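Breakdown of the fold
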Amino acid sequence: MTASPGAGTLPRLALAGVFGGLFCGYLGLSAAIPALPDHVRDRFGAGDLSVGLVVTATALTALLTRPVFGGLADRHGYRQVMRFGALAIAVGGLLYFLPLGLAGLIVIRLLVGIGEAALFVAGAAWTVTLAPHNRRGQLIGLYGVAMWGGISVGTALGATLRHFGIGAVWTLCAAAPLAGLALITIAGPEPEVARSSGGRGLMLKPAALPGLALALAAAGYVGLAAFIIRDLQVRGIGSGAVVLAVFSAVYAGTRLVIGKLPDQLGPRRVGTWSGIGEAAGLLIVAWSPNLPVAVLGVIVMGVGFSLLHPSLALMVMNNAESSKQGAALGAYTSFWDLGLFVWGPATGAIASGLGYPAVYLVGAGCAFTAAVMAYTIRQSVTNGVREEAADEQRAPGHGPVRHRMVPQWQHHSRQYPQ
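Figured I'd write up the structure that's included with this text. Everything numeric in this text was worked out from a predicted model, so none of it was measured.

Cut-off values and rules
- Residues numbered from 1 in each chain as written.
- Predicted model: local features only at pLDDT ≥ 70, side-chain atom pairs only at ≥ 80, totals over all residues.
- Heavy atoms only, no water.
- Helix = DSSP H or I, 4+ residues; strand = E, 2+ residues; numbered from the N terminus.
- Buried < 20%, exposed > 50% of the residue type's maximum accessible area, 1.4 Å probe, protein only.
- Contact = heavy atoms within 4.5 Å.
- Areas by Shrake-Rupley, 256 points an atom, 1.4 Å probe, with all protein chains shown as cover.
- Patch = residues over 30% accessible without salt bridge, like charges linked within 9 Å, V, L, I, M, F, W, Y side chains within 5 Å.
- Salt bridge = Lys/Arg side-chain N within 4 Å of Asp/Glu carboxyl O.
- Core = buried A, V, L, I, M, F, W, Y, C linked by side-chain atoms within 4.5 Å.
- Expected span 1.5 Å × (residues − 1).
- Polar contact = N/O pair within 3.5 Å; in protein donor to acceptor, adjacent residues only side chain to side chain.
- Phe/Tyr/Trp six-rings, centres within 6.5 Å; stacked < 30°, edge-to-face > 60°.
- Axes fitted to C-alpha atoms, helices over the stretch in contact; angles between N-to-C directions.
- Parallel < 35°, antiparallel > 145°, perpendicular 65-115°, else oblique.
- Left-handed = near helix turned anticlockwise from the far one by under 90°.
- Nonpolar A, V, L, I, M, F, W, Y, C, P; charged D, E, K, R; others polar.

1. Brief notes about the overall build of the chain
A count of helical and extended segments in the chain gives 15 helices and zero strands. Here the chain holds 418 residues, and 53% of them are scored as buried. Considering only contacts in the chain between residues 6 or more positions apart, those separated by 24 or more positions represent 84%. In the structure as shown, the chain presents an accessible area of about 17100 Å², 67% of it carried by carbon and sulfur atoms.

If you want it as structure tokens, here you go:
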């Protein structure tokens with residue numbers, strides 16, 4: 001296995017292709033979201049249940065197939081699997097044009113979810129292999145910004161194009177991922193890494209505890225996104241859309257400005273404080289008497305929530321074998337989908353029975369639990385820390401020196417205890 005990029009070295013062409021491909025894929029995927037509810041009602045005369053099923057069908061197949069595509073990417077290459085994902089999303093966009101009925105539309109959405117799973121997981125693992133050891137957490141965070149950017153732009157463009165006819169929306173749904181496919185194809189070469197030859201263990205042990213923490217942290221995000229606008233209206237505060245916009249800006253800005261913290265201070269420390277920050281922000285929102293306090297709450301929450309995911313992901317990477325990074329990331333990100341599935345209806349039930357502030361209190365409790373879990377995750381030596389140290393002490397002629405991927409922050413364990 002060749003050495004990964006050195007500290008401070010970024011393969012910009014390859015990263016541009018990966019990030020650009022992800023952005024375009026999610027742009028095409030998300031462009032359909034604002035058009036689907038009216039399309040399902042007008043075209044098929046269906047109700048809210050069918051609308052919800054059509055919109056969320058992608059999350060079902062993404063949840064089930066992320067670990068599968070992570071393992072395939074480890075064995076067959078990240079570019080190949082990422083290209084498949086972009087192509088599947090584009091094919092879904094083309095199939096929207098066909099009169100396949102409501103059941104056919106659901107099947108198309110399931111296909112698009114498969115494409116999303118392949119695109120995201122393969123690109124995330126590719127990003128990790130391209131990142132210098134001391135910037136892996138930062139680039140994982142920026143990868144997420146590219147995804148959310150595609151979602152935001154795609155949703156806005158889909159809503160705008162809807163005024164020009166549903167065909168214009170479907171065209172964007174097909175064209176954008178094809179552009180992403182081109183960017184992925186012309187991206188710089190993949191680093192040479194040891195390929196996994198085994199197909200077992202899709203739900204890898206290193207992903208379990210960080211993934212569960214991520215699923216718990218999703219409760220606060222789901223509750224805020226679903227109910228903050230209505231909640232602030234009921235309280236007589238209003239401006240819920242402004243609060244959501246501030247949260248989104250803080251989420252992206254945190255990763256752009258201080259996204260290196262998980263690499264510099266260690267993911268366990270940053271993950272712990274990030275969970276506490278999310279919990280504190282949700283408590284502020286729950287008891288905010290006016291708009292400035294509510295904004296303060298989402299700022300605190302946004303900073304914590306933004307750094308929690310890359311911190312937990314870096315823990316997964318540090319504890320997983322280098323040849324199974326894709327499978328580990330696939331298993332880890334499946335917990336996010338699981339969290340959305342669970343907390344969507346759960347927060348709705350909490351809001352109906354106990355009121356909107358209770359949603360934030362439950363989210364705060366889950367975020368604090370995620371912080372405790374992050375603190376308990378120990379960084380293993382499976383990536384060769386002890387082995388490399390032994391090799392460096394070995395006298396010449398006593399065996400080959402192995403070059404292994406060791407996170408930069410682990411070299412400073414005395415300065416940053418884990």
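2. A short note on a nonpolar patch on the surface
Taken together, the side chains of Leu 60, Leu 64, Leu 338, Phe 341 and Val 342 define a hydrophobic patch exposed on the protein surface, amounting to about 420 Å² of accessible area. Within the residue set of the nonpolar patch, elements represented by two or more residues are helix H3 (48–76) and helix H13 (325–354). Locating Val 342 in the fold gives a position in helix H13. Judged by its relative accessible area of 42%, Val 342 is partly exposed.

3. Comments concerning the nonpolar core
The biggest cluster of nonpolar side chains holds 107 residues, and the ones touching the most others in it are Leu 22, Met 82 and Leu 312. By residue number, the principal contributor to this core is helix H5 (residues 101–130), which donates 15 residues. Not counting residues up to four positions away in its chain, the partners in contact with Met 82 are Val 18, Gly 21, Leu 22, Ala 118, Leu 119, Ala 122, Gly 123, Trp 126, Tyr 143 and Ile 184.

4. Focus on the pattern of salt bridges
Applying the stated rule across the entire model yields three salt bridges. A salt bridge links Arg 66 to Asp 337, with the nearest nitrogen and oxygen atoms 2.4 Å apart. Pair noted here: Arg 66 is in helix H3 and Asp 337 is in helix H13, with a separation of 271 residues, a long-range link. When sorted by exposure, Arg 66 lands in the same class as Asp 337, which is buried. Residues Asp 231 and Arg 235 are paired through a salt bridge, measuring 2.6 Å at the closest nitrogen-oxygen approach.

5. Observations concerning H5
A rise of 1.5 Å per residue sets the reference length of H5, with its 30 residues, at 44 Å; its end C-alpha atoms lie 43 Å apart and thus fit the reference within 8%. Of all 30 residues making up H5, 23 are buried, and the element is well covered by its neighbours.

6. Looking at the side chain of Thr 333
Its place among the elements puts Thr 333 in helix H13. If we ignore the near neighbours within four places in the chain, the residues touching Thr 333 are Arg 66, Phe 120 and Val 121.

7. Focus on helix H4 (residues 78–95)
Counted at 1.5 Å a residue, the expected span for H4 with its 18 residues is 26 Å, and the 26 Å between its end C-alpha atoms agrees. Looking at H4, one finds that the buried residues are Tyr 78, Arg 79, Val 81, Met 82, Gly 85, Ala 86, Ala 88, Ile 89, Ala 90, Gly 92 and Gly 93. Residues of H4 that are buried make contact with helix H1 (12–31), H3, H5, helix H6 (136–161) and helix H7 (166–186).

8. Regarding unusual backbone geometry
One non-glycine residue, Ser 239, lies in the positive phi region at around 60°. Mapped onto the elements of the fold, Ser 239 is located in the loop between helix H8 (205–234) and helix H9 (240–258). Taking relative accessible area as the criterion, Ser 239 reaches 37% and is therefore assigned partly exposed.

9. Looking at the environment of Leu 256
With respect to the element layout, Leu 256 can be found in helix H9. For the pair Leu 256 and Gly 141, spaced 115 residues apart in sequence, the C-alpha separation works out to 8.3 Å.

10. Let's talk about the side chain of Thr 272
By the secondary structure assignment, Thr 272 is in helix H11 (residues 267–286). A distance of 2.8 Å separates a polar atom in the side chain of Thr 272 from the backbone oxygen of Arg 268. Look past the residues within four positions of Thr 272 in its chain and what remains in contact with it is Ala 371, Ala 374 and Tyr 375.

11. Details of the packing of aromatic side chains
For any pair of aromatic rings, the description consists of the separation of the ring centres together with the inter-plane angle of the planes. Within this structure, the stated rule accounts for 14 aromatic pairs. Both rings, one in Phe 120 and one in Tyr 143, keep their centres 5.3 Å apart while their planes meet at 55°; by these two values the pair is tilted. Residue Phe 120 is found in helix H5, and its partner Tyr 143 is found in helix H6; the two are separated by 23 residues along the sequence. Each member of the pair, Phe 120 as well as Tyr 143, is classed as buried. Centroid distance Phe 227 to Tyr 356: 5.6 Å. Interplanar angle 35°. Geometry classified as tilted. Note that Phe 227 is positioned in helix H8 and Tyr 356 in helix H14 (residues 356–376), a separation of 129 residues in sequence. Judged by relative accessible area, Phe 227 falls into the buried class, the value being 15%. Ring pairing ties together the aromatic residues Trp 148, Tyr 221, Phe 247, Tyr 251, Phe 305 and Trp 336, which thus form one cluster.

12. Structural notes on the packing of H4 against H7
Relative orientation of the contacting elements H4 and H7 amounts to 165°, with a least axis distance of 7 Å. In terms of orientation, H4 lies roughly antiparallel with respect to H7. Between H4 and H7 lies a crossing of left-handed hand. Here H4 contributes Arg 79, Met 82, Arg 83, Ala 86, Leu 87, Ile 89, Ala 90, Gly 93 and Leu 94 to the contact with H7, which in turn contributes Trp 170, Cys 173, Ala 174, Pro 177, Leu 178, Leu 181, Ile 184 and Thr 185. Residues that form the contact of H4 with H7 fall into these classes: 13 nonpolar, two polar and two charged.

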